[in-house]
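# Structure assessment
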Amino acid sequence: MNGMEAQGMAPDTGPLPLAAVPVLERALERAAGRAFKAMNRAHQEQRGERMWKLSMSGLGGCTREAAYKLAGVLPSDPELAYDTEARQAMLGTIIHERFLPVFGDALAHAEVEMPVELRVPVYADDGSVEREVVITGSTDCYTHVMGGGVIDLKTIGAYMLGGVEHEGVREEHRTQVRGYATAIRQWGMPVAWVAWLYMDRASGEVMVHVEPFTAEAEQATEDRVRWLWKLAATPDTAPRGHRGPGLSVECDGCAWLKECFGPDAEPGDSRSLQVHANEDIAYAARRYRELLDEIGPLEKDKEMYGAMIGRPKPGVYGDVTVTFGASSEKTDGKRAEELLREYGIDVPKTARRGNRNVRWARSGE
Ligand code: SF4
């Protein structure tokens with residue numbers, strides 16, 4: 001028995017037959033999906049009960065989810081947090097684990113993955129302290145240089161890097177990092193600035209934003225925690241941070257999906273958003289029509305500017321970058337139909353619902 005047979009592998013039978021290539025490709029793709037799922041599950045299991053508690057990253061996220069967590073509402077859909085492939089999040093986790101220790105070494109006087117605790121007193125009407133809300137987390141990096149600073153690593157897709165440069169730090173990221181900074185200050189350690197290191201997950205390119213950390217920023221953090229605590233009294237009425245299943249990846253992976261959108265809510269399916277009362281339909285239809293009226297001229301302008309851009313050489317033009325996706329082939333439906341007919345094969349059909357038309361009603365209609 002040779003070494004391969006001993007390990008349960010077949011002996012050399014020559015090159016793979018070409019017909020087996022697509023089968024093998026699909027099998028490897030599925031294996032990659034299973035690997036991501038297993039990684040996510042292991043990661044979440046390691047977090048244990050902390051998954052359902054409000055953490056610093058959740059402080060800036062969906063307000064309703066934060067309210068559920070603060071209220072101690074048990075997740076209605078825990079499997080959505082465990083059983084997804086969460087590829088981008090997993091890649092981000094791997095980069096954090098490998099990059100942060102060496103990044104810390106490259107900076108002077110830095111500590112990485114430092115656990116912190118934000119403590120915010122909540123006051124009763126008579127001014128006495130009713131309770132203390134405690135939110136835990138772990139800062140990516142704290143350095144003592146330049147009066148003390150908190151640095152957060154954010155791994156993002158390449159398409160987002162230009163947006164960050166143009167629009168600045170996203171508000172939820174600002175809230176999260178201010179939470180770490182406030183917690184560190186509460187310990188008595190100085191924090192004069194906060195920074196975000198946005199990293200393109202594909203190329204490793206980074207874009208850095210630094211802001212002074214002010215007393216107002218600290219106050220805003222405490223105010224948000226107190227507001228969330230108030231909302232936690234009736235979390236089902238807290239403002240939703242995202243649009244809903246089928247429309248937002250956050251909702252599709254949220255462990256409180258059914259709690260938030262009702263027992264029929266399913267990830268990837270927007271039907272649970274449907275309203276049934278006449279006045280609710282009237283409200284949604286009016287907003288839909290108003291938005292169509294706003295978007296229509298913009299769409300036309302977009303079309304015109306698109307035609308003006310044409311297909312120039314990819315590159316930076318002024319303050320925008322113009323690139324083109326890889327060319328690909330698409331099925332020629334018309335030709336495929338002709339061929340099926342030529343060979344006497346019925347063309348397969350699926351039911352299609354008529355288009356939704358929403359127009360202003362005429363008087364007396
Ligand atoms: S389902 Fe969406 S809106 Fe509702 S709590 Fe979860 S993330 Fe927020």
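Attention here is on the structure that accompanies the text.

Cut-off values and rules
Residues numbered from 1 in each chain as written. Predicted model: local features only at pLDDT ≥ 70, side-chain atom pairs only at ≥ 80, totals over all residues. Heavy atoms only, no water. Buried < 20%, exposed > 50% of the residue type's maximum accessible area, 1.4 Å probe, protein only. Helix = DSSP H or I, 4+ residues; strand = E, 2+ residues; numbered from the N terminus. Contact = heavy atoms within 4.5 Å. Phe/Tyr/Trp six-rings, centres within 6.5 Å; stacked < 30°, edge-to-face > 60°. Lys NZ or Arg CZ within 6 Å of the ring centre and 35° of its normal. Core = buried A, V, L, I, M, F, W, Y, C linked by side-chain atoms within 4.5 Å. Axes fitted to C-alpha atoms, helices over the stretch in contact; angles between N-to-C directions. Left-handed = near helix turned anticlockwise from the far one by under 90°. Nonpolar A, V, L, I, M, F, W, Y, C, P; charged D, E, K, R; others polar.

### Brief notes about helix H4 (residues 63–71)
- The buried fraction of H4 is high, at seven of nine residues.
- Next to the buried residues of H4 lie helix H3 (56–59), strand S2 (129–143), helix H9 (215–231) and helix H11 (257–261).
- Just downstream of H4, Gly 72 is the residue with a positive phi angle, here 75 degrees.

### Here's the deal with the side chain of Thr 155
- If you trace the backbone, Thr 155 turns up in strand S3 (residues 149–156).
- Taking relative accessible area as the criterion, Thr 155 reaches 15% and is therefore assigned buried.
- In this structure, Thr 155 is in contact with Gly 92, Ile 95, His 96, Met 199 and Arg 201, ignoring residues within four places of it in sequence.

### Quick word on the packing of aromatic side chains
- Scanning the entire structure with this criterion turns up four aromatic pairs.
- Ring geometry for Trp 52 against Trp 256: centres 5.9 Å apart, planes inclined by 80 degrees, an arrangement best described as edge-to-face. Of this pair, Trp 52 sits in the loop between helix H2 (21–47) and H3 while Trp 256 sits in the loop between helix H10 (249–252) and H11; the two residues are 204 residues apart in sequence, bridging distant segments of the chain.
- Classification of Trp 52 as buried rests on a relative accessible area of 15%.
- Residue Trp 256 is classed as buried on the basis of its relative accessible area of 1%.
- Taking the centre distance of 6.4 Å and the plane angle of 15 degrees together, the rings of Tyr 68 and Trp 256 count as stacked. Residue Tyr 68 is located in helix H4, and its partner Trp 256 is located in the loop between H10 and H11; the two are separated by 188 residues in the primary sequence.
- Ring-pair connections join several aromatic residues into one group, and the members of that group are Trp 52, Tyr 68, Tyr 82 and Trp 256.
- Between Arg 174 and the ring centre of Trp 196, over which it is positioned, the NZ or CZ distance is 5.9 Å.

### Some points on the nonpolar core
- Within the largest apolar cluster, 37 residues are counted, with the highest numbers of intra-cluster contacts made by Met 56, Leu 59, Leu 118, Ile 135, Val 150, Ile 184 and Tyr 198.
- Once residues within four sequence positions are removed from consideration, Tyr 198 is found in contact with Lys 154, Ile 156, Leu 161, Val 164, Val 169, Arg 170, His 173, Glu 205, Val 206, Met 207 and His 209.
- Counting residues in each nonpolar core, the second largest holds 14 residues, with Tyr 68, Trp 256, Cys 260 and Ala 265 among its members.

### Some points on the packing of H2 against helix H6 (residues 87–106)
- In contact at an axis separation of 10 Å, H2 and H6 are set at 65 degrees when each is read in the N-to-C sense. Where H2 crosses over H6, the two elements pack in a sense that is left-handed. Contacts between H2 and H6 pair Glu 29, Ala 32, Gly 33, Phe 36, Met 39, Asn 40 and His 43 from the former with Arg 87, Met 90, Leu 91, Thr 93 and Ile 94 from the latter.
- A breakdown of the residues in the contact of H2 with H6 according to their chemical character gives six nonpolar, four polar and two charged.

### Some details on the side chain of Thr 175
- Structurally, the position occupied by Thr 175 is in helix H8 (residues 171–186).
- Exposure remark for Thr 175: the relative accessible area of 17% places this residue in the buried category.
- Leave out the neighbours within four places in its chain, and Thr 175 touches Leu 59, Gly 60 and Arg 224.

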